[in-house]
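What follows is the residue order along each chain.
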Amino acid sequence: NAKKCIYLQTPYFLPTEGLLKALQTAALSKVDVRIMIPRISDSAMLTYASYSYIKSCLSAGIKVFFYEEGMMHAKTMIIDDTLSTVGSTNLDFRSMEHNFEANVFIYSASTNAKLKEIFMHDLQKCKRVNSSSWRRRPLPQRFKESLVRLLSPIL
């Protein structure tokens, strides 16, 4: 139901099919959807798995950013001006369907404003993923991403 923006920060981006479709639909509906993930996470397999979703995100108009200052472990979602969630839930299958994760949902314009400020500050430490350069990444990397994506539901 987002009308303006969806800003996500997550160390691992392995969305369920439903979440991916919702983000794509929002972006195609002119909602400003931004996803921030670390360029390199603490797991090579999870990095490749996360990367495997970037092409479909970019195709829908989702803006993807690589956090360049090391491992980013924030788990934040900001929606429009009044809803946000923070907690232990990663955007991956295991967190969404198997682990006992906890998030707080906050309905507060002032909290959203502060979280947006933090997101924008973190954005200064990021590099935006460009569609044309993403298509030109090396074939061995694309192969690893595709292979690891098959394992996404169990990672």
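None of the values given here were measured: they were computed from a predicted structure.

**Q** Explanation requested: the packing of aromatic side chains in the structure shown.
**A** Here the distance between the centres and the angle between the planes together describe a pair of aromatic rings. Summed over the entire model, instances satisfying the criterion amount to 5 aromatic pairs. Ring geometry for Y51 against F66: centres 5.1 Å apart, planes inclined by 40°, an arrangement best described as tilted. Highlighted residues: Y51 in helix α2 (residues 44–51) and F66 in strand β3 (residues 63–67), separated in sequence by 15 residues. Exposure remark for Y51: the relative accessible area of 7% places this residue in the buried category.

**Q** What is the right way to look at the pattern of salt bridges in this model?
**A** The tally for this structure, following the rule as stated, stands at 8 salt bridges. Among the ionic pairs, K116 bridges to D81, the shortest N-O distance being 3.0 Å. Placement of the pair is K116 in helix α5 (residues 109–123) and D81 in the loop between β4 (76–79) and β5 (83–87), with a sequence separation of 35 residues. A relative accessible area of 18% places K116 in the buried class. You can call D81 partly exposed: its relative accessible area is 34%. Several salt bridges share partner residues, and in doing so they unite K4, D81 and K116 into one network.

**Q** Can you walk me through the environment of A113 in this structure?
**A** Along the chain, A113 turns up in helix α5. C-alpha separation for the pair A113 and D81, spaced 32 residues apart in sequence, amounts to 7.1 Å.

**Q** Is there a simple way to think about the sheet that holds strand β6 (residues 103–107) in this case?
**A** Whenever strands of a sheet pair, they do so through backbone hydrogen bonds, lying parallel or antiparallel. The 7 strands are arranged β6-β5-β4-β1-β2-β3-β7 in an open sheet whose pairing can be described as mixed. At either margin of the open sheet sits one strand with a lone partner, and together these are β6 and β7 (126–128). The average undirected angle you get between the axes of adjacent strands in this sheet is 15°. As judged from the 3 bridges shared by β3 and β7, these two strands associate in the antiparallel manner. In the strand pairing of β7, F66 is matched with K127. α5 rests against β1 (5–9), β2 (32–38), β3, β4, β5, β6 and β7 of the sheet, and its axis sits at about 60° to β1.

What counts and how
- Residues numbered from 1 in each chain as written.
- Predicted model: local features only at pLDDT ≥ 70, side-chain atom pairs only at ≥ 80, totals over all residues.
- Heavy atoms only, no water.
- Phe/Tyr/Trp six-rings, centres within 6.5 Å; stacked < 30°, edge-to-face > 60°.
- Helix = DSSP H or I, 4+ residues; strand = E, 2+ residues; numbered from the N terminus.
- Buried < 20%, exposed > 50% of the residue type's maximum accessible area, 1.4 Å probe, protein only.
- Salt bridge = Lys/Arg side-chain N within 4 Å of Asp/Glu carboxyl O.
- Pairing = 2+ DSSP bridges.
- Axes fitted to C-alpha atoms, helices over the stretch in contact; angles between N-to-C directions.
- Contact = heavy atoms within 4.5 Å.

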